[in-house]
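The primary structure of each chain is shown beneath.
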Amino acid sequence: NPTCANLSCSKPGARTCMRCLLVKYCCKECQVDHWREHKSFCTTMKVPHIRSKFFAALNNYDRGMDLHFLNRDEEPLELILKAHAVNLELLGEHNINTSNSHHILGCILTSFRRYDEAMDHLQKSLAIRREIVGENHKFTASAYDSIGMLMADKKRYDDALIGYGKALGIRLRVMGEDSFDVG
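Keep in mind that this is a model prediction, so the values were computed, not measured.

Parameters at a glance
- Residues numbered from 1 in each chain as written.
- Predicted model: local features only at pLDDT ≥ 70, side-chain atom pairs only at ≥ 80, totals over all residues.
- Heavy atoms only, no water.
- Core = buried A, V, L, I, M, F, W, Y, C linked by side-chain atoms within 4.5 Å.
- Buried < 20%, exposed > 50% of the residue type's maximum accessible area, 1.4 Å probe, protein only.
- Helix = DSSP H or I, 4+ residues; strand = E, 2+ residues; numbered from the N terminus.
- Contact = heavy atoms within 4.5 Å.
- Polar contact = N/O pair within 3.5 Å; in protein donor to acceptor, adjacent residues only side chain to side chain.
- pLDDT = per-residue confidence, 0-100.

Draft legend 1. Examining the nonpolar core more closely. Counting residues in each nonpolar core, the largest one holds 22 residues, and the members touching the most others are Leu77, Ile80, Ile108 and Leu150. Those elements that provide at least two residues to this core are α3 (74-91), α4 (96-111), α5 (115-132), α6 (138-153) and α7 (157-175). If one sorts the elements of this core by residue count, α6 sits on top with 6 residues. With sequence-adjacent residues up to four places away left out, Ile80 is seen in contact with Tyr61, Gly64, Met65, Ile104, Leu105 and Ile108.

Structure, rendered in structure tokens:
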């Protein structure tokens, strides 16, 4: 099961939003709590031509990810860039889905050693995540991890340790030392 769409919850989502049929929640309370953030997405996805455009973008994204893991040519990147453009158009910059597409683009661009573009996307992802879910959230930790990986790939190990350290600090604050092996 996917995780509950309410970003302050990490339980499995079992209840589908009956308006858009695209997101899941663990319970009615989480759905009500998340409505302010979900309302514009939900309403937008009810318009048939927008919904079909969104699903075409998801298809481009899925194909791009599959191709990226099979080979490292530019075709997967172009598909994911198209999906990202649709995310920006339909959802705007201040949206967790847009943050996720920035994050994925940053990681893929890192694999192509296009570091400046990669860092731009990773920093946008981090800024959106910090604004939407705050500093102490697993999504924010993931953004710091990816920035650390980019820095390690560039052999800037001191900077990589800063990113990894921030990610670890968040995970320790959020999940506690007993939740995973940190040593």
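Draft legend 2. Expanded view of the environment of Gly148. Topologically, Gly148 is positioned in helix α6. Along the sequence, Gly148 and Ile132 sit 16 residues apart, while their C-alpha atoms lie 21 Å from each other. Excluding anything up to four places from it in sequence, Gly148 contacts Ala160, Gly163 and Tyr164.

Draft legend 3. Region of interest: the environment of Thr140. Assignment of secondary structure puts Thr140 in helix α6. The exposure class assigned to Thr140 is buried, which follows from its relative accessible area of 0%. Expressed as a C-alpha distance, the spacing of Thr140 and Ile128, which sit 12 residues apart in the sequence, is 9.0 Å. If we skip the residues at most four places from it in the chain, Thr140 touches Leu126, Arg129, Arg130, Val133, Gly134, Glu135 and Ile170. Side-chain polar atoms of Thr140 contact the backbone oxygen of Gly134, separated by 2.7 Å.

Draft legend 4. How the structure looks around the confidence of the model for the protein chain. Per-residue pLDDT for the protein chain averages 88, and the proportion of residues at 70 or more is 95%. The secondary structure element of the protein chain with the lowest average pLDDT is helix α2 (residues 48-70), at 81, and the one with the highest is α5, at 96.

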